[in-house]
Amino acid sequence: MRREPPQRLADYGPLVFPAGMLIVFFVIPFATMIAVSFFERQQGGFYQPAFVWENYARFISLFFGKVLGFSLVLAMAVAAACVAIGVPFTYLLSRSVRNVQILWLVALLSILSLSEVMIGFAWSTLLSRTAGITNLFAYLGLMAGPQALTPSFGAVMTAMTYQALPYTVLVLYPALVRLDPTLTEAARTLGASPIRAFFTVVVPALRNTIVATLIMVFIFALGSYLLPQLLGRPQHWTLSVLITDQAIYQSNMPFAAAMAVFLVLVSLALVGLAVYAGRRREAA
Amino acid sequence: MRDIMKTTASRRAVLGAGLTGASMLAMPSILRAQDRSLTVGVYGGYFKDSFDTNIFPEFTKATGIAIQSVAEPTGEAWLVQLEQAARAGQAPADVSMMSQVALLKGQSTDLWAPLDMAKIENASGLIETFINKYPDGRVAGIGAVSWYITLVTNTDSYPEAPTSWAALWDPANADKLGLLALVSNSFLLEVTAKTHFGGTEVLDTEEGILKVFDKLAEVKPNVRLWYRDEAQFEQALKSGEIPMGQYYHDVTGLAAADGNPVRSTFPKEGGILDSGSWAVSRASEKLEEAHVFINYMCQPEIQAILSRKVGTSPTIKRDLLDLTAEEFAAVSSDIAPIIPRYDMYQQKSDFLNQKWTEMIAG
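Residues numbered from 1 in each chain as written. Chains lettered and ligands numbered in written order. Predicted model: local features only at pLDDT ≥ 70, side-chain atom pairs only at ≥ 80, totals over all residues.

In the annotation of an unreviewed UniProt entry, the entry for chain A reads ABC transporter permease, and the organism field reads Pseudorhizobium pelagicum. You can read under Sequence similarities (unreviewed entry) in the UniProt record for chain A the words "Belongs to the binding-protein-dependent transport system permease family. CysTW subfamily." Its UniProt record gives chain A a comment under Subcellular location (unreviewed entry), which states: "Cell membrane". (UniProt positions renumbered as here; feature names shortened; annotations may be inferred.)

Enquirer: Even after reading the chapter, I still don't get the overall build of chain B, so can you show me in this structure?
Expert: Each helix and strand in chain B was counted, giving 16 helices and ten strands. For 362 residues, the compact-globule estimate of 2.2 N^0.38 gives 21 Å, and chain B sits close to it at 21 Å. If you line up chain B on its principal axes, its C-alpha atoms span 65 × 45 × 40 Å. Counted over contacts in chain B with a minimum sequence separation of 6, partners at least 24 positions apart contribute 75%. (Helix = DSSP H or I, 4+ residues; strand = E, 2+ residues; numbered from the N terminus. Rg over C-alpha atoms; globule rule 2.2 N^0.38 Å. Contact = placed C-beta atoms within 7 Å.)

Enquirer: Is there a simple way to think about the overall build of chain A in this case?
Expert: The helix and strand inventory of chain A stands at 13 helices and two strands. Based on the C-alpha atoms only, the size of chain A along its principal axes is roughly 75 × 70 × 35 Å. Classification of the 284 residues of chain A by burial places 29% in the buried group. Of all intrachain contacts in chain A linking residues separated by at least 6 positions in sequence, the fraction that spans at least 24 positions is 66%. (Buried ≥ 20, exposed ≤ 12 C-beta atoms within 10 Å, placed from the backbone.)

Enquirer: In this structure, what is going on with the packing of helix α7 (residues 153-178) of chain A against helix α10 (residues 207-222) of chain A? I would like to understand it.
Expert: Each pair of packed helices can be described by the angle between their axes along with the distance between the axes. Residue and element names in this part refer to chain A. In contact at an axis separation of 10 Å, α7 and α10 are set at 150° when each is read in the N-to-C sense. Put simply, α7 runs roughly antiparallel to α10. α7 and α10 meet at a crossing whose hand is right-handed. Contacts between α7 and α10 involve Met160, Ala164, Tyr167, Thr168, Val171, Leu172 and Ala175 on the former and, on the latter, Thr209, Thr213, Met216, Val217, Phe220 and Ala221. For the contact of α7 with α10, the per-class residue count stands at ten nonpolar, three polar and no charged. (Axes fitted to C-alpha atoms, helices over the stretch in contact; angles between N-to-C directions. Parallel < 35°, antiparallel > 145°, perpendicular 65-115°, else oblique. Left-handed = near helix turned anticlockwise from the far one by under 90°. Nonpolar A, V, L, I, M, F, W, Y, C, P; charged D, E, K, R; others polar.)

Enquirer: In this structure, what is going on with the UniProt feature "domain: ABC transmembrane type-1" (unreviewed entry) in chain A? I would like to understand it.
Expert: As annotated by UniProt and renumbered to match this structure, "domain: ABC transmembrane type-1" (unreviewed entry) occupies residues 68-274 of chain A. Within the segment residues 68-274 of chain A, helix and strand shares are 78% and 0% respectively, and the terminal C-alpha atoms sit 19 Å apart.

Enquirer: Could you clarify how one ought to interpret the domain arrangement of chain A in this entry?
Expert: Much of the literature gives interface size as the accessible area that the parts lose upon coming together. All names here are of chain A. When the domains of chain A are assigned, the result is domain 1 (28-60 + 252-284) and domain 2 (73-116 + 151-247). Distance from the C-alpha centre of domain 1 to the C-alpha centre of domain 2: 28 Å. With eleven residues of domain 1 at the interface, the matching set in domain 2 holds nine residues. Grouping the amino acids of the side of domain 1 that touches domain 2 by side-chain chemistry returns eight nonpolar, three polar and no charged. (Domains from an automatic or database assignment.)

Enquirer: When you look at the nonpolar core in this model, what are you seeing that I'm missing?
Expert: The tendency in soluble globular proteins is for nonpolar side chains to be buried as a group. Ranked by size, the top nonpolar core spans 143 residues in total, and within it Val78(A), Ala221(A), Met259(A), Val95(B), Leu189(B) and Ile294(B) carry the most contacts. Broken down by element, this core gets its largest block of residues, ten residues, from α7(A). When residues no more than four places from it in sequence are discounted, the contact partners of Met259(A) are Phe59(A), Leu239(A), Leu242(A), Ile243(A) and Gln246(A). (Core = buried A, V, L, I, M, F, W, Y, C linked by C-beta atoms within 7 Å.)

Enquirer: Just to check I follow, could you spell out the interface of chain A and chain B for this structure?
Expert: Each partner contributes to the interface: chain A provides 23 residues, whereas chain B provides 29 residues. Among the elements that make up the side of chain A that touches chain B, the one with the highest residue count is helix α12 (residues 239-249) of chain A (three residues). Split into classes, the residues belonging to the side of chain A that touches chain B amount to twelve nonpolar, ten polar and one charged.

Enquirer: How should I be thinking about helix α13 (residues 300-309) of chain B in this particular structure?
Expert: In an α-helix there are 3.6 residues to a turn, and that puts residues three or four apart on one side. Residue and element names in this part refer to chain B. Of all the positions in α13, only Gln303, Leu306 and Ser307 are classed as buried. Buried residues in α13, looked at end-on, bunch into an arc of 95°, giving them a common side. Buried residues along α13 sit against β5 (139-154) and α14 (325-331). Downstream of α13 by a residue or two, Gly311 has a phi angle that is positive, lying close to 85°. (Arc of directions from axis to C-beta.)

Enquirer: Looking at this structure, how should I read the UniProt feature "transmembrane region" (unreviewed entry) in chain A?
Expert: All names here are of chain A. Feature annotation in UniProt assigns "transmembrane region" (unreviewed entry) to the following positions: residues 12-39, 59-90, 102-123, 153-176, 197-227 and 255-278. The span residues 102-123 is 86% helix and 0% strand, and its two end C-alpha atoms sit 26 Å from each other. Between the end C-alpha atoms of residues 153-176 the distance is 32 Å, and the span holds 100% helix and 0% strand.

Enquirer: When you look at the packing of helix α8 (residues 181-189) of chain A against helix α9 (residues 194-205) of chain A in this model, what are you seeing that I'm missing?
Expert: Residues and elements named next belong to chain A. The geometry of α8 relative to α9 is characterised by a closest axis approach of 10 Å and an angle of 155° between their N-to-C directions. Relative to α9, the element α8 is oriented roughly antiparallel. By crossing handedness, the relation of α8 to α9 is classed as right-handed. On α9, the residues that touch Leu183, Thr184, Ala187 and Arg188 of α8 are Ala197, Thr200, Val201, Val202 and Ala205. Residues that form the contact of α8 with α9 fall into these classes: six nonpolar, two polar and one charged.

Enquirer: What is the right way to read the domain arrangement of chain B from this model?
Expert: Residues and elements named next belong to chain B. The domain architecture assigned to chain B consists of domain 1 (7-146 + 275-331) and domain 2 (147-273 + 335-361). Take the side of domain 1 that touches domain 2: its biggest share by element is four residues, from helix α6 (residues 100-107). Here the side of domain 1 that touches domain 2 is built from residues that sort into six nonpolar, seven polar and two charged.

Enquirer: I keep staring at the pairing of strand β10 (residues 272-280) of chain B and nothing clicks. Help me out?
Expert: Successive side chains on a regular strand alternate, one facing one side of the sheet and the next facing the other. Residue and element names in this part refer to chain B. Here β10 lies mainly inside the structure; nine of its nine residues are buried. Taking every second residue as pointing to the same face, both faces of β10 are buried, with Ile272, Asp274, Gly276, Trp278 and Val280 on one and Leu273, Ser275, Ser277 and Ala279 on the other. Here seven bridges tie β5 to β10, and the two strands are oriented antiparallel to one another. Of the residues in β10, the one forming a bridge with Trp147 is Asp274. (Pairing = 2+ DSSP bridges.)

Enquirer: Got a minute to help me understand the pairing of strand β2 (residues 66-72) of chain B in this structure?
Expert: All names here are of chain B. Burial within β2 is extensive, with six of its seven residues counted as buried. With seven bridges joining them, strand β1 (residues 37-43) and β2 adopt parallel strand pairing. Residue Val40 lies in a different strand from β2, and its bridge partner there is Ser69.

Enquirer: Looking at this structure, I do not really get unusual backbone geometry. What am I missing?
Expert: Backbone phi values are negative for most residues with the exception of glycine, while trans is the configuration of most peptide bonds. The residue after Thr150(A), namely Pro151(A), is reached through a cis peptide bond having omega 0°. Locating Pro151(A) in the fold gives a position in the loop between α6 (133-139) and α7. Not every positive phi belongs to a glycine, and Asp110(B) is a case in point at roughly 60°. Considering the arrangement of structural elements, one finds Asp110(B) in the loop between α6 and β4 (131-133). Non-glycine residue Asp175(B) carries a positive phi angle of around 60°. Among the secondary structure elements, Asp175(B) is positioned in the loop between β5 and β6 (177-180).

Enquirer: Explain α12(A) here, please?
Expert: All names here are of chain A. Among the eleven residues that make up α12, ten are buried, leaving the element largely enclosed by the rest of the structure. Those residues of α12 not exposed but buried are Leu239, Ser240, Val241, Leu242, Ile243, Thr244, Asp245, Gln246, Ile248 and Tyr249. The positive-phi residue at the C-terminal boundary of α12 is Ser251, with phi of around 45°.

Structure representation (structure tokens):
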């Protein structure tokens, strides 16, 4: 089928619906948020329309810098962990029998039906001292006695990776299924071990998909606010937790909006950087 | 009360309300029979269940006004929703039970419809401090119930009950505490001031507040969980995962009555006394019914039912109640309570919040 550039105004018709949705559900809310972030906070009350910078000024401090830094590092770590587990897993999955594939995909999809609250509580039970997995280890003689594994950074990471992994697999799966098996076969014939073939042929061939997956999980993890609260100590709280605090508990909408705008801008910048770096490498 | 996760219960309530609403529309005769109605917000979970069983049906029987109860989240979260809705001319609930900090914040934006005391004659029995007034004397809220936040322990982990809030600072309790995560609902500044500075007067100045913060920061190594969600701590306390902390006296008593190994202790410095008031959103069109409801709730018999069934402390004068000494002791204490410095949360809320967040997360 040949694609022709639109000639008449009516040719743009199909765009109306998606554009409308984008405006109603993204542009307008985001613009409102930007506007609110400049409003003036009335302590002990709510806010009134104004144009002040103080919400942003309050954010620019060492404390919030650290929280922002931690949130970004956590999101990157989750993205890296998901891809590190997801790529080999999906590769093996795409090479297995159809029934096995269906079984795994159904299991993964069913994880998506769990809410963040359920995932958080399930992991906090599993990692607890009184009812957790360490009781089993102690019973098997691997540990001296049961101990609590939560709250900790590891607990936050584990639960967030668990939550994001199904998305990772679902994004990687189509690309890996479509990957030409003759590529690896050629590598094998030339004497590469399966592991070497995976790293020198499969991974580079999937580079764009992997970058896209990293970015998706990164953004997904950046918005997480419940799991860090349920499974982490206060120093593991992300910026999203503090935004929630301001918006829901302190009724400080302008400051919450300013933090949210900042978070969106920083993540957009990082994504832009990743895409730009990807293009440069492709061009080189 | 005051908790976000119990909105899971509210989801069910919303579904239920939706069903009820749909079936009422399908049967217009019922709609006509009960056309006087009122939406009342009470804290979700145990509180709401208890009101739904013990209070609201009797009220409808007595007055013919149907009650639709709404599970509200933590005081200030609900306040934000009410305020946003009122700006749009909507009232998600006509009458809400509001904690004192939230009530004061709502006053500053005139969120609450002024109440006509002539229509609430039973309010004459109220303890004076439980009538909330605007600075110009209009009545913004009427005391509904009061409750204590006390020192709670798991009886398996602590065979001996602690006697003082100083236990929070005891190095022996490293990594064993669960404390409320917000400055404005934990009231830990007041606890620290009373325990280590001889009283809450030290909180009069910012310097004093900072000194109290420094002292409070010393409990951090003992804290395992700073909770926003009550259910999370309650569960951990029952199982002994987190064997000590601050929690609501009423709910702890109910959990103990159910056979859980938990106890609530009034420390020698006193429990924290907070209260909830009935307040009406200015966007509500049911002001008349709201007055009838609040008046009904101020009756001594109703207050006694609340103490017996919900475990809250009454807001009306002791001598009007038929509670036995034993029943009264179960919901209160002779030890002078720690009264939160509500003025501080209203005037310095951003300062307190910033220092608090830096203290616990820094």
